[in-house]
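Coordinate analysis (summary)
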Amino acid sequence: PTDIKEELLAKYPPKVARKRAKQIMINEATESEAPSEILANVRTIPGIITMRGCTYAGCKGVIMGPTRDIVNITHGPIGCAFYSWLTRRNQTDAGEDGENYMTYCFSTDMQDQDIIFGGEKKLEASIQEAYDLFHPKGICIFATCPVGLIGDDIHAVAKKMKAKFGDCNVFAFSCEGYKGVSQSAGHHIANNQVFTHLVGENEEPKEGEYKINLLGEYNIGGDGFEIDRILKKCGITNIATFSGNSTYDQFASAQYADLSAVMCHRSINYVADMLETKYGIPWIKVNFIGAKSTAKSLRKIAEYFGDKKLIDKVEAVIAEEMMEVDKVATDVRTRTDGKTAMLFVGGSRAHHYQDLFAEMGMKTLSAGYEFAHRDDYEGREVIPDLKVDADSRNIEEITVEADPELYNPRKTPEELKALEEAGYQFKHYAGMNPDMDKGTLIIDDLNQYEAEKLVEIMKPDIFCAGIKEKYSIQKTGVPMKQLHSYDSGGPYAGFQGAVNFYKEIDRLVGSKVWSYMKAPWQENPELTGTFVWE
Ligand code: CFM
Ligand code: HCA
């Protein structure tokens, strides 16, 4: 691995190589020159073709995108709205009320004159138009880069319109694309505003047994539907999913859950903390990617409630569901055992999906996140040591206090202690690194050049990333699976999802088609371009 790391860095000028060296880690490295910590959540070096997206994408697309009954208006040039319109495969069930605005693309369509003279009036008119047409429960406003540069006060406009309507919650997000170093800043901006303006609004308590919130699950490819199916079968009530297949009312009722189960730690861990501080709801980390992880997560939820009825039900559901899972896993393993994978995805899937590959007997050679923070690699223990820089300081940390009426610790200190003494871990995430083999390569903010180089050197049986990586990897003759959009497949979460995944990966790594494929320049060397570094 040290040689591979050096080979990856060899092409860079010294200054770039020094910085990238801190973002490429040999797991549990003993070599003295290897860093014991990874550099993450820092700016991408200009000129490098990153896999990352922008802060607006993280806010409007990732967090707010999956909520169907809020009208999301992009304040900016039309491209920002158009290119973030239905590009994530977050599915939704429009429900009985049928209120679903996801299929619409709302934008103020800023023009040159709005940039010069200001866009607030146009924004106000757009909010009015959306309200008159749909009378939604909520309208959200998203700032794009030019809005921040010209200084439109989107929050003042939102406040004014909310007061004017009286029956529609209007609030805004200062999520200009450049606001942070990646999508991650956008998650934080979105979640802060949802917590401030929406969570807790519903004054009518939610009924149900074993009430949980599912945080950081976005229903990509129907993952949330499969998780909901399993939870329902176990008798667990899901009050609110943040934010897959969610509604305004779900966010507004989150204070009524008795446990927060966190899937994607990166995009939402601070909301779990805020729910605990304000309402007394404890949180645990779960993972529904992988059949074994799903079973483990269900058991963890059941253990929290500690009710024999639930514990027995969960065991019965696991036993029933695992029959099909085991049957398919045993079959595919005859072909997939010992094969290798690389995973480079946003901020949690590069970790979670290793469990699915492990169930198929496949090894992860190298993995990394686009924009996760050190705690997602090394575990939450490092949070107190995280360096605050100019970019992270730019993202607001909101102060939350116990709600004078609604704060209610769900467990007594004695109950919590008893659980912890039995090995139960609250607020715990050990990160990706401990789950990876010694000597594997962990790389933050991988780029186009390094992706191709890695594949060339290590020749994995499958490479997992996003759409920007897909075709360049396929041209190297290695099958590529998108773990963002699932290439139109899915769900991959839960038990049925695991079965879907095994079958698809089995087909992909077993296919002969890749070995027959030659890129034009491999057959006609004269088409090869050579870049000379001066
Ligand atoms: Fe969390 Fe996500 Fe992900 Fe993410 Fe994303 Fe996504 Fe992702 Mo694409 S919230 S960090 S910002 S699990 S959109 S549903 S697939 S990069 S690994
Ligand atoms: C985003 C969304 C994205 C992009 C996926 C991809 C998603 O980052 O804005 O690059 O293929 O999951 O849709 O992560």
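The rules we used
Residues numbered from 1 in each chain as written. Chains lettered and ligands numbered in written order. Predicted model: local features only at pLDDT ≥ 70, side-chain atom pairs only at ≥ 80, totals over all residues. Heavy atoms only, no water. Helix = DSSP H or I, 4+ residues; strand = E, 2+ residues; numbered from the N terminus. Rg over C-alpha atoms; globule rule 2.2 N^0.38 Å. Contact = heavy atoms within 4.5 Å. Areas by Shrake-Rupley, 256 points an atom, 1.4 Å probe, with all protein chains shown as cover. Lys, Arg positive; Asp, Glu negative; His and termini not counted. Charge placed at Lys NZ, Arg CZ, Asp CG, Glu CD. Buried < 20%, exposed > 50% of the residue type's maximum accessible area, 1.4 Å probe, protein only. Phe/Tyr/Trp six-rings, centres within 6.5 Å; stacked < 30°, edge-to-face > 60°. Lys NZ or Arg CZ within 6 Å of the ring centre and 35° of its normal. Near = heavy atom within 4 Å. Nonpolar A, V, L, I, M, F, W, Y, C, P; charged D, E, K, R; others polar. Domains from an automatic or database assignment. Buried area = accessible area lost by both parts, 1.4 Å probe. Salt bridge = Lys/Arg side-chain N within 4 Å of Asp/Glu carboxyl O. Polar contact = N/O pair within 3.5 Å; in protein donor to acceptor, adjacent residues only side chain to side chain. pLDDT = per-residue confidence, 0-100. Disulfide = S-S within 2.5 Å. Expected span 1.5 Å × (residues − 1). Arc of directions from axis to C-beta. Axes fitted to C-alpha atoms, helices over the stretch in contact; angles between N-to-C directions. Parallel < 35°, antiparallel > 145°, perpendicular 65-115°, else oblique. Left-handed = near helix turned anticlockwise from the far one by under 90°.

Our focus in this paragraph is the overall build of the protein chain. Helix and strand counts for the protein chain stand at 23 helices and 14 strands. Its C-alpha radius of gyration of 24 Å places the protein chain within 12% of the 24 Å reference for a compact globule of 534 residues. Projected onto its principal axes, the C-alpha coordinates of the protein chain cover approximately 65 × 65 × 45 Å. A sequence separation of at least 24 residues applies to 76% of the contacts in the protein chain between residues at least 6 apart. With the model as given, the accessible surface of the protein chain reaches about 23600 Å², and the carbon-plus-sulfur share is 53%. Computed over 61 positive and 80 negative side-chain charges, the separation of the two mean positions in the protein chain equals 3 Å.

What follows is about the side chain of His 351. In this structure, His 351 sits in helix α15 (residues 349–359). Among the residues examined, His 351 registers a relative accessible area of 6% and is labelled buried. With sequence-adjacent residues up to four places away left out, His 351 is seen in contact with Tyr 369, Tyr 429, Gly 431, Met 432 and Asp 435.

The next subject is the packing of aromatic side chains. All told, the structure shown has 22 aromatic pairs when counted by the stated rule. Between Phe 106 and Phe 134, the ring centres sit 5.7 Å apart and the planes meet at 90°, which makes this aromatic pair edge-to-face. Taken together, the residues span a long stretch of sequence, with Phe 106 in strand β3 (residues 106–107) and Phe 134 in helix α6 (residues 120–134) at a distance of 28 residues. One aromatic cluster is present, built from ring pairs that chain together Tyr 210, Tyr 304, Phe 305, Tyr 424 and Phe 426. The ring of Tyr 429 carries Lys 285 above its face, with NZ or CZ at 5.0 Å from the centroid. Sitting above the plane of the Tyr 304 ring, Lys 411 keeps its charged end 4.5 Å from the centroid.

In this section: the site of ligand 1. For ligand 1, the set of nearby residues contains 14 residues, the closest of which are Arg 88, His 187, Cys 264, Ser 348 and His 484. Of the residues that constitute the shell around ligand 1, the class distribution is 6 nonpolar, 6 polar and 2 charged.

Before going further, it helps to spend a moment on the domain arrangement of the protein chain. Domains assigned within the protein chain are domain 1 (55–197) and domain 2 (211–334 + 380–421). Using only C-alpha atoms to locate each centre, domain 1 and domain 2 end up separated by 27 Å. Between domain 1 and domain 2, the residue contacts involve 29 residues of the former and 30 residues of the latter. Buried area between domain 1 and domain 2, summed over both chains or domains, comes out near 2500 Å², and the portion from carbon and sulfur atoms is 61%. It is Gln 91, His 188 and Phe 195 in domain 1 that bury the most area against domain 2; as a group they hold 27% of the surface buried on that side. Connecting domain 1 to domain 2 are 0 salt bridges. Summed over the shared surface of domain 1 and domain 2, the result is 13 residue pairs in polar contact (both at pLDDT 80 or more). Sorting the residues of the side of domain 1 that touches domain 2 by element identifies α3 (55–64) and α9 (183–197) as the ones contributing at least two each. In terms of residue class, the side of domain 1 that touches domain 2 is built from 9 nonpolar, 13 polar and 7 charged.

Here the focus is unusual backbone geometry. In this chain, Phe 242 is followed by Ser 243 through a cis amide linkage whose omega measures 0°. Counting through the fold element by element, Ser 243 comes out in strand β7 (residues 237–243). Between Gly 490 and the following residue, Pro 491, the backbone shows a cis peptide bond with an omega angle of -5°. Inspection of the secondary structure assignment puts Pro 491 in the loop between β14 (480–482) and α21 (494–510). Positive phi outside glycine occurs at Asp 109, with the angle close to 50°. Mapped onto the secondary structure, Asp 109 falls in the loop between β3 and α5 (112–117).

Attention now moves to the site of ligand 2. Close to ligand 2 lie Ala 57, Arg 88, Gln 183, Gly 466, Ile 467, Lys 468, Gln 482 and His 484. Between ligand 2 and Ile 467, the relevant distance is 2.7 Å, taken from an oxygen atom to a main-chain nitrogen or oxygen of the residue. Contact with the protein chains hides 78% of the accessible area of ligand 2, taken as 360 Å² for the molecule alone. In the shell around ligand 2, the residues fall into 2 nonpolar, 4 polar and 2 charged.

Confidence along the protein chain averages 96 in pLDDT terms, with 98% of residues attaining 70 or more. When the elements of the protein chain are averaged for pLDDT, helix α23 (residues 520–523) gives the smallest value, 78, and strand β5 (residues 169–173) the largest, 99.

Per the counting criterion, the structure on display carries 0 disulfides. Between Cys 464, a cysteine without a disulfide, and Cys 264, which holds the nearest cysteine sulfur, the sulfur-to-sulfur distance is 17 Å.

The subject of this paragraph is the environment of Asn 524. Note that Asn 524 resides in the segment after α23. By relative accessible area, which is 32% here, Asn 524 ends up partly exposed. The spacing of Asn 524 and Tyr 424 is 100 residues in sequence and 61 Å in space, taken between C-alpha atoms.

Next up on the list: helix α10 (residues 223–234). Residue pairs spaced three or four apart in an α-helix point in one direction, given the helix's 3.6 residues per turn. Between its first and last C-alpha atoms α10 spans 17 Å; for 12 residues at 1.5 Å apiece the expected length is 16 Å, and the two agree. Of all the positions in α10, only Asp 223, Gly 224, Glu 226, Ile 227, Ile 230, Leu 231 and Cys 234 are classed as buried. The buried residues of α10 occupy an angular sector of 160° when projected down its axis, which confines them to one face. Against the buried residues of α10 lie β6 (211–217), β7, α13 (291–305), α14 (308–336), α15 and α21. Phi turns positive, to about 90°, at Gly 235, one or two residues after α10.

Another aspect to go through is the packing of helix α1 (residues 2–9) against helix α19 (residues 448–458). The contact between α1 and α19 brings their axes to 10 Å, and the two run at 140°. In terms of orientation, α1 lies oblique with respect to α19. Like other packed secondary-structure pairs, α1 and α19 cross with a definite hand, here right-handed. Taken together, the residues of α19 that come into contact with α1 (itself represented by Ile 4, Glu 7 and Leu 8) are Tyr 449, Glu 450, Lys 453, Leu 454, Ile 457 and Met 458. Residues belonging to the contact of α1 with α19 are distributed by class as follows: 6 nonpolar, no polar and 3 charged.

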